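Summary of structural features
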Amino acid sequence: MKILKKYLLAVLFLLLLVHLSPAQSLKWSRDGNAFYQLERNEIALYQLPSENKNVIVSNQNLVPQGENSPLVLTDFYFSPDEKKILLYANAQRVWRINTRGEYWLYDLATKTLKQLGKSVPRGSMMFAKFSPDASKVAYVSEYNLYVEDLNTGNIKQLTTDGNRKLINGTFDWAYEEEFFCRDGFRWSPDGKSLAYWQIDATDIDDFLMINYIDSVYSTPIPVEYPKVGKSPSACRIGIIDINTAKTTWLNIEGDKRQHYLVRLDWLSSGKEVLVQQLNRKQNESKIYLCNAETGSSRVIYVEKDEAWIDFGSPDDSDNAYHVDFKHQFHFLPNSKEILWLSEKDGWRHLYRISQDGKKETLITKGNYDVMGVKYIDEKNSWVYFLASPTNATQAYLYRTRLDGKGNLEMLTPANQSGTHNYEISPNGIWAVHTFSNTYIPPSKEIVNLITQKPTNESNSIENKIKSIDKSRNRVEFFKIITSEGVEMDGWMVKPSHFDPNKKYPVVFYVYSEPAAQTVTDTYATGYNFLYQGDMTEDGYIYISLDGRGTPAPKGRAWRKAIYRKIGVVNIKDQALAAREILQWKFIDPERVAVWGWSGGGSATLNLLFQYPDIYKTGIAIAAVANQLTYDNIYQERYMGLPQENLQDFIQGSPITHAKNLIGNLLYIHGTHDDNVHYQNAEMLLNELIKHNRQFQFMAYPNRSHSLAEGEGTFEHLSTLFTNYLRTHCPAGGK
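The rules behind the values
Residues numbered from 1 in each chain as written. Predicted model: local features only at pLDDT ≥ 70, side-chain atom pairs only at ≥ 80, totals over all residues. Heavy atoms only, no water. Axes fitted to C-alpha atoms, helices over the stretch in contact; angles between N-to-C directions. Helix = DSSP H or I, 4+ residues; strand = E, 2+ residues; numbered from the N terminus. Left-handed = near helix turned anticlockwise from the far one by under 90°. Contact = heavy atoms within 4.5 Å. Pairing = 2+ DSSP bridges. Salt bridge = Lys/Arg side-chain N within 4 Å of Asp/Glu carboxyl O. Buried < 20%, exposed > 50% of the residue type's maximum accessible area, 1.4 Å probe, protein only. Domains from an automatic or database assignment. Disulfide = S-S within 2.5 Å. UniProt positions renumbered as here; feature names shortened; annotations may be inferred. Polar contact = N/O pair within 3.5 Å; in protein donor to acceptor, adjacent residues only side chain to side chain. Phe/Tyr/Trp six-rings, centres within 6.5 Å; stacked < 30°, edge-to-face > 60°. Core = buried A, V, L, I, M, F, W, Y, C linked by side-chain atoms within 4.5 Å.

The protein goes by Dipeptidyl-peptidase-4 in an unreviewed UniProt entry, where it is assigned to Thermoflexibacter ruber.

Structure representation (structure tokens):
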């Protein structure tokens with residue numbers, strides 16, 4: 001139900017829409033003084049600080065015996081000793097991203113290439129990873145776990161009961177979509193066992209998508225999909241011995257169909273694991289300490305929230321050296337503590353939690369949110385993280401002391417205004433620094449972490465900033481206060497030849513739900529990827545606003561004001577802000593359009609239906625028209641259970657207000673949308689027809705949530721979007 005904020009040159013599509021491969025993240029060397037990068041289908045090594053490049057795996061090395069073409073690499077993973085590489089090739093999409101394909105073993109010393117998983121169907125392997133001693137590789141194939149001995153080539157099937165409804169070592173649609181859970185197993189520190197998730201979707205009803213066009217008879221395509229109000233898939237975690245293939249199931253309290261298991265990690269002893277459990281409403285989190293041999297467990301930490309508990313950190317790095325709060329715990333071995341994120345004091349802050357749960361220390365303090373943890377240096381007692389205490393549209397690197405007694409220290413140069421990210425080396429000396437703002441494209445440099453000095457001054461971000469004419473920036477940021485006293489961030493792009501004495505049409509771009517901000521100081525902000533031509537040259541004012549409920553770093557109260565009020569609070573904030581904007585003398589109140597995708601499509605419908613006096617034209621794509629049709633994890637997290645507060649779901653659903661349509665509506669949906677189901681379109685259409693409300697509708701056959709499939713789709717969609725906007729909200733100043 002989430003949409004990408006931008007789509008630039010058909011590449012910057014929303015994680016929640018586009019089907020991309022897992023991030024080809026930079027891989028640091030073990031000592032942290034070099035890094036590896038996949039470039040032009042080859043693996044290159046860069047030494048630091050010189051940045052001298054050496055190709056260690058060329059395309060010639062990637063040609064399997066008996067074949068003429070090299071493997072097409074998606075990603076690569078080093079063994080702990082950096083002598084072998086797992087090559088992930090010929091990837092295929094599973095739901096959102098490409099997580100299924102082939103794995104090959106490359107030996108750097110002998111320069112030999114060996115295919116793994118020869119006894120499983122080719123292209124079916126998922127999440128292969130080395131054992132700690134690099135003698136074995138474990139992976140998932142067709143819902144079962146396997147382990148392969150790299151010396152003998154012997155492949156052992158560890159689980160045998162896996163199928164589409166009983167999933168070992170990976171996850172079902174809802175877990176992947178809403179918890180970003182994909183890789184579902186972990187090697188023990190001694191390499192003798194695996195901890196793995198098992199998802200039992202047996203009782204989950206299939207939602208049927210229908211293929212009408214590839215045969216003269218229609219074909220149903222089932223997706224196990226737990227709708228809001230329906231119990232989740234049952235979930236449990238087992239410890240499987242790779243020698244005996246015997247599983248010991250962890251005894252975690254509670255009905256397996258009324259909670260979620262979202263995080264798993266081994267303790268260094270190899271005898272215990274930590275598991276995070278969320279209750280079904282996701283407003284109570286428990287950490288269990290579990291005995292890997294007996295399966296016994298005990299609760300060591302509990303946290304509750306009146307709304308929901310955010311699952312982990314917004315930072316979703318795939319790099320093993322980075323702190324990944326989404327799926328694994330991060331330990332402070334010297335103090336035997338866990339680093340933890342919580343909003344319990346009103347802001348997203350870092351805490352140290354003792355492994356027995358008896359001691360808790362607040363690390364970050366003040367009225368700001370930790371936006372993403374980047375590096376932990378326990379030896380020198382530092383934690384590095386992203387934050388932006390004074391501007392919710394930006395992000396900068398900060399650090400503070402791990403003991404909670406230090407001051408907040410900004411490391412990013414203050415004159416580099418915009419949005420920053422850092423990939424920090426395991427030794428804490430170097431970082432790959434990336435930066436962009438509204439007028440500077442994404443730029444990259446290698447810097448010393450502490451001094452922020454680049455290794456290559458001539459190619460530095462500082463030089464790029466100096467060389468770019470700031471007058472190229474077309475985006476103006478502003479703040480607006482609604483009649484209810486809510487202050488909202490916004491951006492605006494004015495026509496190229498703006499005349500303040502004329503009145504112009506305004507187009508609002510919306511999302512407004514908890515999954516994404518639209519108002520960020522990043523490149524492509526203010527760019528409408530669907531519009532054919534140049535909106536500024538044609539004479540449109542383009543605006544976006546972030547209201548309460550969006551995940552801006554403005555504190556817990558801001559983000560959770562939307563609890564049980566999606567479709568109400570966020571819609572009112574947008575409308576009241578628009579009312580203030582319509583008082584500007586250069587805005588034409590008769591030419592007001594709004595558009596959005598996914599959650600933004602839902603907002604578009606609600607704005608058009610609930611505030612017809614403001615919005616005259618709307619273009620809604622892949623919208624949730626009826627909140628009762630969406631998945632349980634997302635909808636119940638933010639709205640509660642329909643069994644308890646059904647009226648909130650009804651009041652927030654666009655279909656409830658469809659009878660109020662007065663203006664112009666273009667509604668667009670893909671018939672194979674496995675995320676926001678096409679049934680939303682038919683339900684909405686039926687309601688509009690019932691009340692004789694006229695509208696335009698476009699269905700894209702066999703297209704998913706991103707509408708990315710099929711020849712000619714994007715050109716058709718952008719043409720449709722542009723023509724409709726120009727027709728019903730004509731451009732130009734008057």
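It is worth spelling out the packing of helix α5 (residues 569–581) against helix α6 (residues 599–610) at this point. Across the interface, α5 lies against α6 with an axial gap of 10 Å and an inter-helix angle of 65 degrees. Our pair here, α5 against α6, has a crossing hand that is right-handed. Side by side, α5 and α6 meet where Ile571, Gln574 and Ala575 of the first sit next to Ala603, Asn606, Leu607 and Gln610 of the second.

With that settled, consider the sheet that holds strand β20 (residues 259–266). Here we have four strands laid out as an open sheet, ordered β20-β21-β22-β23, and antiparallel in their pairing. Where the open sheet ends on each side, the last strands, each with one partner, are β20 and β23 (297–304). For this sheet the average axis-to-axis angle between neighbouring strands, irrespective of direction, equals 20 degrees. Two strands pair when backbone bridges link them, and strand β21 (residues 272–279) and strand β22 (residues 284–291) are joined in this way by seven bridges, in the antiparallel orientation. What sits directly across from Gln276, in β22, is Ile287.

A complete count under the given rule lists 38 salt bridges for this structure. In this structure, Asp369 engages Arg559 in a salt bridge whose closest nitrogen and oxygen atoms are separated by 2.7 Å. Within this pair, whereas Asp369 is found in the loop between β27 (360–362) and β28 (372–377), its partner Arg559 is found in helix α4 (residues 556–560), the two being separated by 190 residues in sequence. Here Asp369 matches Arg559 in class, with each residue buried. Among the salt bridges present, the one from Arg548 reaches Asp573, with a minimum N-O distance of 2.9 Å. Of the two residues, Arg548 is situated in the loop between β38 (541–546) and α4 and Asp573 in helix α5; the sequence distance between them amounts to 25 residues. Of the residues examined, Asp573 reaches a relative accessible area of 0% and is grouped as buried. Salt bridges linked by common partners bring Asp305, Glu343, Asp369, Arg556, Arg559 and Lys560 together as one network.

On to unusual backbone geometry. Cis rather than trans, the peptide bond between Leu48 and Pro49 has omega equal to 10 degrees. Summarising the element assignment, Pro49 is placed in the loop between β3 (42–47) and β4 (53–57). At Lys336, a position not held by glycine, the phi torsion is positive, near 55 degrees. Note that Lys336 resides in the loop between β24 (330–332) and β25 (337–342). The backbone of Ser512 shows a phi angle near 80 degrees, a positive value even though the residue is not glycine. Within the secondary structure, Ser512 is located in the loop between β37 (504–509) and α3 (535–538). The class of Ser512 is buried, set by a relative accessible area of 2%.

Turning our attention to the domain arrangement of the protein. Partitioning the protein into structural domains gives domain 1 (1–157), domain 2 (160–311), domain 3 (366–437 + 439–469) and domain 4 (474–728). Here the C-alpha centroids of domain 2 and domain 3 sit 35 Å apart.

By way of backbone hydrogen bonds, the strands of a sheet pair with one another, either parallel or antiparallel. Here we have four strands laid out as an open sheet, ordered β1-β2-β3-β4, and antiparallel in their pairing. The open sheet has two edge strands with one neighbour each: β1 (27–28) and β4.

This paragraph deals with the environment of Gly32. Note that Gly32 resides in the loop between β1 and β2 (34–39). Owing to a relative accessible area of 0%, Gly32 belongs among the buried residues under this scheme. Considered as a pair, Gly32 and Ala431 are 399 residues apart in the sequence and their alpha carbons are 9.5 Å apart.

This part is about the state of the cysteines. The full count for this structure, using the stated rule, is zero disulfides. You can see Cys181 has no disulfide; the closest cysteine sulfur is in Cys235, sitting 8.3 Å from it. Of the residues examined, Cys181 reaches a relative accessible area of 1% and is grouped as buried. Left unpaired, Cys290 is separated from the closest cysteine sulfur, that of Cys235, by 12 Å. For Cys290, a relative accessible area of 0% translates into the label buried.

Before going further, it helps to spend a moment on the UniProt feature "domain: Peptidase S9 prolyl oligopeptidase catalytic" (unreviewed entry) in the protein. Under the local residue numbering, the UniProt record ascribes the feature "domain: Peptidase S9 prolyl oligopeptidase catalytic" (unreviewed entry) to residues 535–717. Taken end to end, residues 535–717 is 40% helix and 19% strand, and its two terminal C-alpha atoms sit 17 Å from one another.

Our next topic: the environment of Asn283. Examined against the element boundaries, Asn283 turns out to sit in the loop between β21 and β22. Taking the C-alpha atoms as reference points, Asn283 and Glu462, 179 residues apart in sequence, are found 44 Å from one another. Other than its neighbours up to four places away in sequence, Asn283 contacts Glu303, Lys304, Asp305, Ala307, Trp308 and Ile309. Within polar-contact distance, the side chain of Asn283 engages the side chain of Asn279 at 2.8 Å.

This part covers the pairing of strand β35 (residues 475–481). Where β35 meets strand β36 (residues 487–493), seven bridges bridge the pair, whose relative direction is antiparallel. By the bridge assignment for β36, Val475 is matched with Val493. Joining the antiparallel neighbours β35 and β36 is a turn of five residues, in which Gly485 adopts a positive phi near 85 degrees.

This part covers the packing of aromatic side chains. Scanning the entire structure with this criterion turns up 36 aromatic pairs. Look at Phe508 and Tyr615: their rings are 6.0 Å apart centre to centre, the planes differ by 75 degrees, and that puts the pair in the edge-to-face class. Highlighted residues: Phe508 in strand β37 and Tyr615 in the loop between α6 and β40 (617–621), separated in sequence by 107 residues. By relative accessible area, Phe508 is classed as buried at 2%.

Turning next to the environment of Val432. Structurally, Val432 can be placed in strand β33 (residues 430–437). Taking relative accessible area as the criterion, Val432 reaches 3% and is therefore assigned buried. Between the alpha carbons of Val432 and Glu445 there is a distance of 5.9 Å; along the sequence they are 13 residues apart. The residues contacting Val432, other than those within four sequence positions of it, are Leu26, Trp28, Asn421, Tyr422, Glu423, Lys444, Glu445 and Ile446.

The side chains of a regular strand alternate between the sheet's two faces. Among the six residues in β25, six count as buried, and that is most of the element. The two faces of β25 match: Glu337, Leu339 and Leu341 on one face and Ile338, Trp340 and Ser342 on the other face are all buried. Bridge analysis of β24 against β25 gives three bridges, and the strand direction is antiparallel. Across the sheet, residue Leu332 finds its bridge partner in β25, namely Glu337. Hairpin connection from β24 to β25: four residues lie between these consecutive antiparallel strands, with Lys336 at a positive phi of about 55 degrees.

In terms of nonpolar packing, the biggest core is built from 47 residues, with Tyr175, Phe179, Leu250, Val273 and Val275 touching the most fellow members. For this core, the elements supplying multiple residues, two or more each, are α1 (173–179), β15 (193–200), β16 (206–211), β18 (234–241), β20, β21, β22 and α7 (632–639). Split by domain, the residues of this core number at least three in each of domain 2 (160–311) and domain 4 (474–728). Contacts of Val275, omitting those with residues within four sequence positions, involve Ile237, Leu250, Ile252, Leu261, Arg263, Leu264, Lys286, Ile287, Tyr288, Cys290 and Phe329. Membership of the second largest hydrophobic core comes to 45 residues, among which are Phe478, Ala552, Ala658 and Tyr678.

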